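Commentary on secondary and tertiary structure
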Amino acid sequence: MVAQPLTQPALILVTGATGNQGGAVARRLLADGAFRVRALVREPQAEKARALAAQGAALVQGNLEDRLSVERALDGVDGVFAVLRFFETDQAEETAQGVALADAAQAAGVGHFVYSSAASAHRHTGVPHIESKWKIECHIRQIGLPHTILRPVAFNYSLEAYRDGVMQGRLVDPFSPDTKIFQISEENYANFVVLALANPQQWLGRALDVASDVSTARQMAELFGRVTGKQVQYVQISFDEARQAVGDEVTNLMRWIENVGPDIDVAALRREFPWLTSLEDYLRSHGWQSTER
């Protein structure tokens, strides 16, 4: 796989740019100085889209189901960061969207396609929203699209769902107290994306599971307590109780984490990428010392 020279500054299409993950990537690319950002958005007048435009992103109205809008968005770009929103579709729809986007990128001559998959996608987890990502990975390789595949674990922003409980002194989950929970900050993940796009010779063809920290469920309760200054108790509930609260898909993922879980050497990642930050640093820099959001 031969790296194609990028224009300067390189133009990168970001999908999902108004979401947490895509938004972090778009902001990091814009801040870098070596990239221009084009964002495919459904509603250019939406608050998050207008905020992106104010930071310098060019907006293209459309969506991944509209092939013509995808082709417009891909016209003249050097690279793509692709993240798909499974929870707004389903397994078949996500797979179809990813395949169609990869095909369109190939037809447009995109030189570097960075695909956001999921940790352990290559290990056949049986979890639908991870299996769909594995099918997309396989298609990207099959058509010979120049690519990097990043497989993130759970993002730190998902911990917002626990904030009210933590502030009341309880961290509630179905995991056994010693189950390992892998996390990555959206900022650290965006760094991986920029690193890959800026160094295609080192990253083209690479697939990497990424995390910034790992803690047991019990350790996470202790960490929340240390950061918030509150006494936080870990409360283990049943998976049936969890299913009632978060639904089948998330519960299936939690069961897989409990029984198998990601196989990531966080210490080795930290040696290779010393800028990775800890979960404690993330919490302290994202307002967890108080109830302010």
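Procedures and definitions
Residues numbered from 1 in each chain as written. Predicted model: local features only at pLDDT ≥ 70, side-chain atom pairs only at ≥ 80, totals over all residues. Heavy atoms only, no water. Core = buried A, V, L, I, M, F, W, Y, C linked by side-chain atoms within 4.5 Å. Buried < 20%, exposed > 50% of the residue type's maximum accessible area, 1.4 Å probe, protein only. Helix = DSSP H or I, 4+ residues; strand = E, 2+ residues; numbered from the N terminus. Contact = heavy atoms within 4.5 Å. Pairing = 2+ DSSP bridges. Axes fitted to C-alpha atoms, helices over the stretch in contact; angles between N-to-C directions. Salt bridge = Lys/Arg side-chain N within 4 Å of Asp/Glu carboxyl O.

This paragraph deals with the nonpolar core. Formed by 41 residues in total, the largest nonpolar core has its most connected members in Leu29, Leu150 and Phe192. When contributions to this core are tallied by element, the ones reaching two or more residues are strand E1 (10-14), helix H1 (20-32), strand E2 (35-41), helix H2 (47-54), strand E9 (180-184), helix H7 (186-198), strand E10 (207-210) and helix H11 (266-272). Per element, the largest residue contribution to this core is seven residues, and it comes from H7. Excluding anything up to four places from it in sequence, Leu29 contacts Ile12, Val14, Phe35, Val37, Val194 and Leu197. Counting residues in each nonpolar core, the second largest holds 23 residues, with Leu84, Ala102, Val110 and Leu145 among its members.

Time to look at the sheet that holds E2. Strand order in the open sheet formed by seven strands is E3-E2-E1-E4-E5-E6-E10, with parallel pairing between adjacent strands. Only two strands of the sheet have a single neighbouring strand rather than two, namely strand E3 (58-61) and E10. Recorded for the sheet is a direction-independent mean angle of 20 degrees between the axes of neighbouring strands. Across four bridges, the pairing between strand E4 (residues 79-82) and strand E5 (residues 112-116) is parallel. From the neighbouring strand, Val80 faces E5, where its bridge partner is Phe113. Here helix H3 (residues 67-74) sits on the sheet in contact with E1, E2, E3 and E4, set at roughly 170 degrees to E2.

Further remarks concern the pattern of salt bridges. Applying the stated criterion to the full structure yields 13 salt bridges. Across the pair Arg141 and Glu137 runs a salt bridge whose closest N-O atoms are separated by 3.0 Å. Note that Arg141 and Glu137 are positioned in helix H5 (residues 128-142) at a spacing of four residues, about one turn of the helix. For Arg141, a relative accessible area of 33% puts it in the partly exposed group. Here Asp209 makes a salt bridge to Arg151, at a shortest N to O gap of 3.1 Å. Taken together, the residues span a long stretch of sequence, with Asp209 in strand E10 and Arg151 in strand E6 (residues 147-152) at a distance of 58 residues. Arg151 carries the same exposure label as Asp209, and that label is buried. Taken together, the salt bridges that share partners define one network made up of Glu137, Arg141, Arg151 and Asp209.

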